[in-house]
Amino acid sequence: MEIRDELPEDREAVWQVEADAFGRPDEADLLAKLEPDKAFSLVATVGGEVVGHVLFTWLPISEHRALALAPLAVRPGAQGKGVGGELVRQGLARARALGVPAVVVLGDPAYYGRFGFAHDPKITQSYGWPDEAFQVVKYREIAGEAAYPQGFFL
Ligand SMILES: CC(C)(COP(=O)(O)OP(=O)(O)OC[C@H]1O[C@@H](n2cnc3c(N)ncnc32)[C@H](O)[C@@H]1OP(=O)(O)O)[C@@H](O)C(=O)NCCC(=O)NCCS
């Protein structure tokens, strides 16, 4: 398996992986809406074929410039083999290298907890999401309210 930056020619394969993983086109269609806020996008390939994808978008937390991880997808036939985990770990390493203070995610704590994500009452959101699902990895001790890109709500 190789993890690398998404290239323009991966676009269709990435769309398909997102659609297949979620069993609906919503998350795949989200990618175009999030394009203006994209920080970086990674693909996982096996034998040159895209089997996984993760997008990181810029996300203000009050006055801080942080990142949001979403969406994350691994093609059904390739799940449970560590592809998702490698995408998250390499994505977080990249985020850290960029010098951001934090990365947030909305998702299952049973999955994201293993990468160091946890709910933190100092990082808030006003979208009505359950606290336990709204999680953060912090590289610096910041506090504030997360403002997700408009594209998430279109
Ligand atoms: C979630 C997803 C990205 C994980 O990718 P993956 O390559 O299968 O993950 P890994 O192989 O690295 O890790 C597998 C582990 O994650 C667990 N896992 C997978 N999806 C999970 C979920 N939704 N909640 C909790 N645990 C989950 C598996 O049970 C397995 O646990 P184990 O290591 O204890 O056996 C993938 O299953 C997927 O694309 N699912 C559909 C889309 C989705 O839900 N995306 C996340 C949105 S927040």
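Just so we're clear, the structure is a prediction, and the values are computed from it rather than from any experiment.

Trainee: Just give me the short version of the overall build of the protein, but keep the residues and values in it.
Mentor: Along its length, the protein carries four helices and eight strands. Within the protein, the fraction of its 154 residues that count as buried is 34%. Sequence separation of 24 or more characterises 61% of the internal contacts of the protein that already satisfy a separation of 6 or more.

Trainee: Pulling in residues and values, what's your account of the site of the ligand?
Mentor: Close to the ligand lie 16 residues; Ala21, Gln79, Gly84, Gly85 and Gly107 are nearest. Looking at the shell around the ligand residue by residue, the classes come out as eight nonpolar, six polar and two charged.

Trainee: Kindly report on the packing of helix α1 (residues 11–22) against helix α2 (residues 26–34), identifying the contributing residues and their values.
Mentor: A packed helix pair is summarised by two numbers, namely the angle formed by the two axes and the spacing between the axes. Interaxial distance between α1 and α2 falls to 7 Å at its minimum, and their mutual angle equals 140°. Contact residues: Val14, Trp15, Glu18, Ala19 and Phe22 in α1; Asp26, Glu27, Ala28 and Leu31 in α2. When its residues are assigned to classes, the contact of α1 with α2 shows six nonpolar, no polar and three charged.

Trainee: Requested: an account of the sheet that holds strand β7 (residues 134–138), with residues and values cited.
Mentor: What the six strands build is an open sheet, ordered β1-β2-β3-β4-β5-β7; its pairing is mixed. Only two strands of the sheet have a single partner each, and these edge strands are β1 (2–5) and β7. Between one strand and the next, the sheet's axes are offset by a mean angle of 25°, whatever the strand orientation. Pairing analysis gives nine bridges linking strand β3 (residues 49–61) to strand β4 (residues 64–74), with the strands arranged antiparallel. Within the sheet, the bridge partner assigned to Val54 lies in β4 and is Leu72. Helix-sheet contacts for α1 involve β2 (38–46), β3 and β4, and the interaxial angle to β3 is about 90°. Running at roughly 40° to β3, helix α3 (residues 83–98) makes contact with β1, β2, β3, β4, β5 (102–106) and β7 of the sheet.

Trainee: Please set out the nonpolar core residue by residue, giving values where relevant.
Mentor: Counting residues in hydrophobic clusters, the biggest one holds 40 residues, and the most contacted among them are Ala66, Leu67, Leu69, Ala102, Val103 and Val104. Looking at this core, the elements with two or more residues in it are α1, β2, β3, β4, α3, β5 and β7. Counting residues per element, this core draws most heavily on β4, at eight residues. Leu69 has contacts with Val54, Phe56, Gly91, Val103 and Val105, leaving out every residue within four places of it along the chain.

Analysis parameters
Residues numbered from 1 in each chain as written. Predicted model: local features only at pLDDT ≥ 70, side-chain atom pairs only at ≥ 80, totals over all residues. Helix = DSSP H or I, 4+ residues; strand = E, 2+ residues; numbered from the N terminus. Buried ≥ 20, exposed ≤ 12 C-beta atoms within 10 Å, placed from the backbone. Contact = placed C-beta atoms within 7 Å. Near = placed C-beta within 6 Å. Nonpolar A, V, L, I, M, F, W, Y, C, P; charged D, E, K, R; others polar. Axes fitted to C-alpha atoms, helices over the stretch in contact; angles between N-to-C directions. Pairing = 2+ DSSP bridges. Core = buried A, V, L, I, M, F, W, Y, C linked by C-beta atoms within 7 Å.

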